[in-house]
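Letter by letter, the chains look like this.
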Amino acid sequence: STEIVSVYATVWPTGLSANTAIQTGLVESLLQPILHSYTRKFPKESNVFLTSADLNFANGNYRSALALYVETVAIKTDFFEHPIEQAILPDAYVNRMIRCCSELGRLTQAVVLSQFCLEPNYGQVFKYLEDRDTADAADSLFSLIWDMSILEFAMSLHTRRGEVARRRHVLSCIMQLELNTNNEVEIKRAAAN
């Protein structure tokens, strides 16, 4: 969806979407500098950043949109001092951030972000992992994955491809104590083979 979601929806007149006389390009060219000016004047107003991110997303400016979505989350979490909860980052925005990463070729970053969804789209995540044409530091980002289904798929993928070093790296992520607090020693030994 490319609609702009805003807490300020009540200030807009109703029926705008049906009005064909409105030139969207003109509205956007007016709205962008207003939002930019407002964010400079009120740098802790996360809803304005979110509206600006939505506008950039709707226009296909994925790099700017992603930066603004991240900035919004930073503001809402006091620069990541507090946990990122569903109320702070709903699935709709996580999916937009994933789409931004996908459009920018940052597929492993999209995989990492997908973990913030209540129910990740594993089909999409696994396709991102299978794609070898990613423009991010794929191997270094595996340590940020905590979803065991994703890690197990990556392990299987690298085993099938014969990528020994990558398989070992994913295995070291799977073996992290934080992810396997209930595993017995025998299970850990079996996973290493």
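Summarised in this report is the structure supplied together with it. (Residues numbered from 1 in each chain as written. Predicted model: local features only at pLDDT ≥ 70, side-chain atom pairs only at ≥ 80, totals over all residues. Heavy atoms only, no water.)

What to know about the packing of aromatic side chains
Tallied over the entire structure, the rule returns six aromatic pairs. Between Y69 and Y93 the ring centres are 5.7 Å apart and the planes differ by 55°, which places this aromatic pair in the tilted class. Placement of the pair is Y69 in helix α3 (residues 62-76) and Y93 in helix α4 (residues 91-103), with a sequence separation of 24 residues. Taken individually, Y69 and Y93 each receive the classification buried, so the pair is uniform in this respect. Taken together, the ring pairs connect Y122, F126 and F153 into an aromatic cluster. (Phe/Tyr/Trp six-rings, centres within 6.5 Å; stacked < 30°, edge-to-face > 60°. Helix = DSSP H or I, 4+ residues; strand = E, 2+ residues; numbered from the N terminus. Buried < 20%, exposed > 50% of the residue type's maximum accessible area, 1.4 Å probe, protein only.)

Topic: helix α9 (residues 164-174)
For α9, the complete set of buried residues consists of V170, L171, C173 and I174. Around the axis of α9, the buried residues are gathered within 155° of arc, so they sit on the same side. Exposed residues on α9 whose side chains face more than 90 degrees from its buried face are A165 and R168. (Arc of directions from axis to C-beta.)

Points about the pattern of salt bridges
The full count for this structure, using the stated rule, is three salt bridges. With its nearest N and O atoms 2.7 Å apart, the salt bridge here joins R96 to D54. Residue R96 is found in helix α4, and its partner D54 is found in helix α2 (residues 46-58); the two are separated by 42 residues along the sequence. Given the relative accessible area of 7%, R96 is considered buried. (Salt bridge = Lys/Arg side-chain N within 4 Å of Asp/Glu carboxyl O.)

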